[in-house]
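# Fold and geometry: a report
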Amino acid sequence: MPASDKPVWLDIGPITQIEPGMAATLPVEGGEEIAVFHTMGGNFYALINKCPHKQGPLSQGIVHGDSVSCPLHNWRISLKNGKALGDDEGCTPTIPLKIDAGRIYLLREAILPGKSSPFSASLAA
Amino acid sequence: MNAQSKIASPPRKKLVVIGNGMAGCRAVEEILEREAERFDIVIFGAEPRVNYNRIMLSPVLAGEKTFDEIVINPAQWYDEHDITLVSGDPVRTIDRERNAVIAASGRTEQYDKLLIATGSDPFIIPVDGHDLTGVVTFRDLDDVDRMLTAAEKGGDAVVIGGGLLGLEAAHGLTLRGMNVTVIHLMPTLMERQLDEAAGYLLRQELENRGQTILTSANTKAILGVDGRVVAVELEDGSRIKADIVVMAVGIRPATALAKSAGLDCERGILVNDHMVTSDPDILAVGECVQHRGLCYGLVAPLWEMCRSLADHVTDQPSGYQGSVTSTKLKVSGIDLFSAGDFSGGEDCEDIVMRDAARGVYKRVVLKDDRIIGAVLYGDTADGNWYFDLLRNEQNVSDIREALIFGQAFASGGALADPNFAVAALSDDAEICGCNGVSKGKVVQCISGGAHSVDAVRSQCKASASCGSCTGLVESLLAISLGDEVESGPKTMCSCTSFTHDDVRRLIIEKELKLIPEVMQELHWTTPDGCSSCRPALNYYLLCAWPAEYKDDEKSRFVNERLHANIQKDGTYSVVPRMWGGLTNPRELRAIADVVEKYDAPMVKVTGGQRLDIFGIKKEDLPAVWGDLNAAGMVSGHAYGKALRTVKTCVGTEWCRFGTQDSTGFGVKLEQATWGSYMPHKFKMAVSGCPRNCAEATIKDFGVVCVDSGYELHIGGNGGIKVRATDLLCKVETEDEAMQICLGFVQLYREDAHYLERTAPWLERKGLDWIKAQLFDDPERIGRLAARFRTSQKYWQVDPWERRADGHQRKLHSHLATIRPELEDA
């Protein structure tokens, strides 16, 4: 199987770098900043760091259950699918994420859409 | 051509099994059950013994079972089935060209079918000292023997890893008389199986049993003397004495052999639904495999895998569909059960029941009327029932109301209506255990006019303490009054049936000192609260226990977490404190330098007489604060539910109308009160004469100086709803004014609801109530002021200084930057 057909997962480091109930950010050159969340229940999620309402940085919100409350106007966003909850409508794109052997991986093609084959992504702290 | 008269049976194929553990042997049993004659079987085992039940090693360690009791297949089983067991001689090579395996001793066996069941290896964290004598894992009987030998001498044991395995090891070592410390990297024990609430209960119980539990603790090194372990050193520099260290941080599928044979592996050995690897002659089963992206570390999936494997090799393929797993902790006296997905989510619904008196926490997660997850602590009797409903994906909408009470309740016909069950209770049945109130008394109280939960609470005390019987009281109200039940005052949020006042009172009465503790004791209906109750609880706790409480940053709104004001573009504004609105050339230069150095696009004078620097990035905040600190400025708390500013006019020092030193007094007020967190923002002002240039009569606490002294005003607000202050009193000296200010601030801090400004608080409580609280008992105000000063001893710290020093750097930095780059570059 040619390598390009396989999903490529980008290692963004150990799960311990984000405390439960907190989030961390990953700027993307030429793309949208990503927020990675660690819920109190122990789940990890990655979303574009923008509220669908007024683009507030979701990474700075209070995380409760599997949702985050946007710091700007308190919209509640589902971390599972990026959708606004309650009476609000809107959706933030999510990035597929997996945990393997204590490390967090993001799906590369979801981070840099349309730049799949001639590009690879690298981390620089 | 065959000279023999009887027809020869077809020659048997040869099955070689690598791994004499639970998976390998179970697979063989399943195959034998279907077709006993199909294979000649050889089993290789790395351990020098027969097959035993690995999950029962914990009871062996704890002294509850012996090795003989956990043997699954004794030597005669191998004999009876003509199985060759090669134990203590691990396979080193798989030669796929020749269909053969070669063991360490050089022994070679040909195969027609090969089954890999190598299980998993304990994960060893590669810290310094991990190879010292006395550092053991917890995987096989040899490990247990090593632990038992160490335990004979007593002393100190450190278990690294607070998961299932680690806690079972810790329990065993505790029973064997060792002094045990558990070091866990994450903040919650067993975080993969438990939510925060259940993890908290488990921790309490283990601590009561004498174990020391250190969470959020990162092992830095294992220290030794003469090659033997003596202590474990943590990242924070602390050291824990250790005669033995058990590493139980996790397991990894053992794939080395499969990988070296060129089989497709990711985390585990890749298999299809029939447990066939990328080589059709080679099968794999158990903890070493990865099926549909999942690796399992529990025993239940293994049985299902072995069934489909046996079906496949005996030509009646069925196919393994993956497993839903459940977990029970094998620590005697601790009942704990978890299954499925209890992480919740937007289309999921949580049903939570807490019974603080019995130490019970139950949580069932529903999605589309079906159970998808459950966590039970303290009462696991219904664990299997929930697990069955979960696995069968049974629709539970009919029994939803009573589901959390368990099978007996939910499937009991009329009992499924909780009101019915309550109606059936006798009059002397106890409703409220805390206050000893019977059903008869509650009904009497209701017919006497108490038509709401709150009225019942205040009149007969039922459900007024821990609240666990609130549901029963509600049922009694519904039975007695039907639609005439009055809803009580608003609860704090939808996570609880208690009001803000109840929660504040109970925090003190029951000495609750942590957020998870409040949620457990007061029967929160959500696992970890919401963005409305978390910040409120954080404030209530820090106000109630100023000396002990440790601020919970994840329960803070962003501005209070980053100590700056978030703006619509995600940047922050920074307001340094200028006492009473005074400044000087040094401060102004420092502010000007910051504006230029960090390219701040705007600086603005605020309504509270400060300078606000806009457009600072979160990464730059610590450096900005460092620069401002260097010029002697501290946080202005313009971002906080806290003392904001004290606005002043120039007073007697310059003004021809001034009657007192309003500027000087404003500075003193601000120096006494800065840094204090409040239910909401709190603003003050001091005007030097009744012309009131500092606008003191729209502040939370305003001072208007007059010739004869100071008029003290409270409850003003210049916001959405403008409210002029009420006059609280008039005093003659600055000292009296200061004392009353501190007393008033503390009364507000201790009584108001979170996010309630002084204006609505005053209107709710009444000016007379506030005056009575402050002045009826002449000593009361002194006690309030003293409590405020005590709190300030702990909380009047500049949060900027610590951040500028690098504390909580994570909050200000990115995890990493992702850069696209050419593959060839």
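Position labels on residues start from 1 in each chain and follow its written sequence. All chains are assigned letters beginning with A, and all ligands numbers beginning with 1, in the order in which they are written. Confidence filtering applies because this is a predicted model: local features only for residues at pLDDT of at least 70, side-chain atom pairs given and counted only at 80 or more, and all residues used for totals across whole chains, interfaces and linings. By convention in this description, side-chain values take in all heavy atoms of the structure and omit both hydrogens and water.

## Notes on the interface of chain A and chain B
By the convention used here, residues are in contact when the closest approach between their heavy atoms is within 4.5 Å. Every contact between the two is made by 54 residues of chain A and, on the other side, 45 residues of chain B. Take the accessible area each of two parts loses on contact, using a 1.4 Å probe, and add the two losses: that sum is the buried area. Carbon and sulfur atoms supply 58% of the area buried between chain A and chain B, which totals about 4,200 Å² over both sides. Area buried by chain A at its contact with chain B is led by M40(A), Q60(A) and I62(A), which between them contribute 17% of it. A side-chain nitrogen of Lys or Arg and a carboxyl oxygen of Asp or Glu constitute a salt bridge if their distance falls within 4 Å. At the boundary of chain A with chain B, the tally comes to two salt bridges. Of the charged contacts, one joins R267(B) and D100(A) as a salt bridge, the two residues approaching to 3.1 Å between their closest N and O atoms. Pairing of N or O atoms within 3.5 Å defines a polar contact, subject to two protein rules: one partner must be a possible hydrogen donor and the other a possible acceptor, and residues neighboring in sequence count only if both atoms are side-chain atoms. Viewed at the interface, chain B and chain A are joined by twelve residue pairs in polar contact (both at pLDDT 80 or more). Put simply, DSSP H or I for four residues or longer makes a helix, DSSP E for two residues or longer makes a strand, and each gets a number counted from the N terminus. Elements with a contribution of two residues or more to the side of chain A that touches chain B: β1 (9–14), β2 (22–26), β3 (34–38), β5 (62–64), α1 (108–111) and β11 (119–124) of chain A. If you tally residues by element for the side of chain A that touches chain B, the top one is β11(A), at six residues. Split by residue class, the side of chain A that touches chain B holds 27 nonpolar, 19 polar and eight charged. Gly counts as polar in this scheme, as do all residues outside two lists: the nonpolar Ala, Val, Leu, Ile, Met, Phe, Trp, Tyr, Cys and Pro, and the charged Asp, Glu, Lys and Arg.

## Points about the packing of aromatic side chains
Centre-to-centre distance and the angle between the planes together describe a pair of aromatic rings. Residue and element names in this part refer to chain B. Ring pairs shown here join Phe, Tyr and Trp side chains whose ring centres sit within 6.5 Å, with only the six-membered ring taken for Trp; geometry is labelled stacked below 30 degrees between planes, edge-to-face above 60, and tilted in between. Counted according to the given criterion, the structure contains 16 aromatic pairs over all chains. Where F701 meets F744, the ring centres are 5.9 Å apart and the plane angle is 35 degrees; that geometry is what we call tilted. Placement of F701 in strand β36 (residues 701–706) and of F744 in helix α24 (residues 734–751) is noted, with a sequence separation of 43 residues between them. The exposure classification of F701 matches that of F744, with both residues buried. A centroid spacing of 5.9 Å and a plane angle of 55 degrees characterise the contact between F744 and W761, whose relative ring orientation is tilted. Of this pair, F744 sits in helix α24 while W761 is found in helix α25 (residues 758–765), placing the two residues 17 residues apart along the sequence. Three exposure classes are used, based on accessible area relative to the maximum for each residue type with a 1.4 Å probe and protein chains only: buried under 20%, partly exposed in between, and exposed over 50%.

## Some words on the sheet that holds strand β9 (residues 113–116) of chain B
Residue and element names in this part refer to chain B. Only strands that DSSP links by at least two bridges are regarded as paired with each other. Overall, parallel pairing links the five strands, which are arranged β5-β2-β1-β9-β21 in an open sheet. Looking at which strands have only one partner, the edges of the open sheet turn out to be β5 (83–87) and β21 (282–284). With strand direction ignored, the average angle separating the axes of adjacent strands in the sheet is 20 degrees. Here five bridges tie strand β2 (residues 39–45) to β5, and the two strands are oriented parallel to one another. For every element, the axis is a line fit to its C-alpha atoms; helices are fit only across the contacting stretch, and the angle between N-to-C directions ranges from 0 to 180 degrees.

## So, the sheet that holds strand β32 (residues 602–605) of chain B
Residues and elements named next belong to chain B. Within the open sheet, the four strands sit side by side as β30-β31-β33-β32. Their pairing is antiparallel. Edge positions in the sheet fall to β30 (565–566) and β32, since each of these pairs with one other strand and no more. Two elements, strand β31 (residues 572–574) and strand β33 (residues 611–616), share two bridges in a ladder whose sense is antiparallel. Each residue of the ladder has a partner; that of Y572, found in β33, is I616. Together, β32 and β33 form the strand contacts of helix α20 (residues 585–597), whose direction differs from that of β33 by roughly 15 degrees. Strand contacts of helix α21 (residues 621–630): β31 and β33, with the helix running at about 5 degrees to β31, the strand carrying the most contacts.

## Brief notes about empty space enclosed by the protein
Only protein atoms enter the calculation, which uses a 1 Å grid: trapped sets of points that fit a 1.4 Å probe without letting it out are cavities, open sets showing protein on both sides within 12 Å along at least five of seven lines are pockets, and any residue with an atom within 4 Å of a point is a lining residue. Grid points are joined across faces, edges and corners, and a volume is the space filled by probe spheres set on the points. Inspection of every chain in the model, using the stated rule, returns one cavity of 30 Å³ or more. Roughly 40 Å³ of internal volume is contained in the largest cavity.

## Considerations on the state of the cysteines
Residue and element names in this part refer to chain B. The criterion for a disulfide is a pair of cysteine sulfur atoms lying within 2.5 Å. Taken as a whole and assessed by the stated rule, the structure comprises zero disulfides over all chains. Free of any disulfide, C25 has its nearest neighbouring cysteine sulfur in C306, separated by 9.6 Å. Judged by relative accessible area, which is 1%, C25 ranks as buried. Of all cysteine sulfurs, the one in C649 lies closest to C705, which takes part in no disulfide; the gap is 7.0 Å.

## A short note on the nonpolar core
In these notes, a set of buried Ala, Val, Leu, Ile, Met, Phe, Trp, Tyr and Cys residues joined through side-chain atoms within 4.5 Å is what counts as a nonpolar core. By size, the foremost hydrophobic cluster in this structure holds 51 residues, and its most contacted members are I41(B), I94(B), V101(B), L114(B), I116(B) and V285(B). In this structure, V101(B) is in contact with V16(B), I18(B), F44(B), V91(B), T93(B), I94(B), R107(B), T108(B), E109(B), Y111(B) and L114(B), ignoring residues within four places of it in sequence. One finds A24(A), I34(A), L621(B) and V624(B) within the second-largest nonpolar core, a separate group that totals 46 residues.

## Details of the confidence of the model for chain A
Note on scores: pLDDT gives the predictor's confidence for each residue, bounded by 0 and 100. Mean pLDDT for chain A: 85, with 86% of residues reaching 70 or above. Between residues 115–121 of chain A, whose pLDDT stays under 50, and residues either more than four places distant or in other chains, the model counts 20 contacts.

## A word on the packing of helix α13 (residues 439–447) of chain B against helix α15 (residues 470–481) of chain B
Residues and elements named next belong to chain B. Taken N-terminus to C-terminus, the directions of α13 and α15 make an angle of 55 degrees; their axes are 10 Å apart at the nearest point. Comparing the axis directions of α13 and α15 gives the class oblique. For the pair α13 and α15, the crossing hand works out as right-handed. Across from K439, V442, V443 and I446 in α13, the residues of α15 making contact are L476, L477, S480 and L481. Tallied by class, residues from the contact of α13 with α15 come to six nonpolar, one polar and one charged. Angular relationships are summarised with four words: roughly parallel below 35 degrees, roughly antiparallel beyond 145, roughly perpendicular across 65 to 115, and oblique for the angles in between. Crossing chirality is assigned from the near helix's rotation relative to the far helix, an anticlockwise turn below a right angle marking it left-handed and a clockwise turn marking it right-handed.

## A few points about the pattern of salt bridges
Pairs can form between side chains of opposite charge whenever their charged atoms are close. Residues and elements named next belong to chain B. For the coordinates displayed, the defined rule picks out 51 salt bridges over all chains. A salt bridge links E37 to R12; the nearest nitrogen and oxygen atoms lie 2.9 Å apart. Taken as a pair, E37 in the loop between α1 (22–34) and β2 and R12 in the segment before β1 (13–18) lie far apart in primary sequence, 25 residues in all. The exposed category is assigned to E37, whose relative accessible area is 56%. Ionic pairing is found between K513 and E548, a salt bridge with its closest N-O pair at 2.8 Å.

## Re the side chain of Q520(B)
All names here are of chain B. Residue placement: Q520 occurs in helix α17 (residues 515–521). Residue Q520 is classed as buried on the basis of its relative accessible area, which comes to 1%. At a separation of 3.3 Å, a polar atom in the side chain of Q520 contacts the side chain of R354. A distance of 3.2 Å separates a polar side-chain atom of Q520 from the backbone oxygen of V360.

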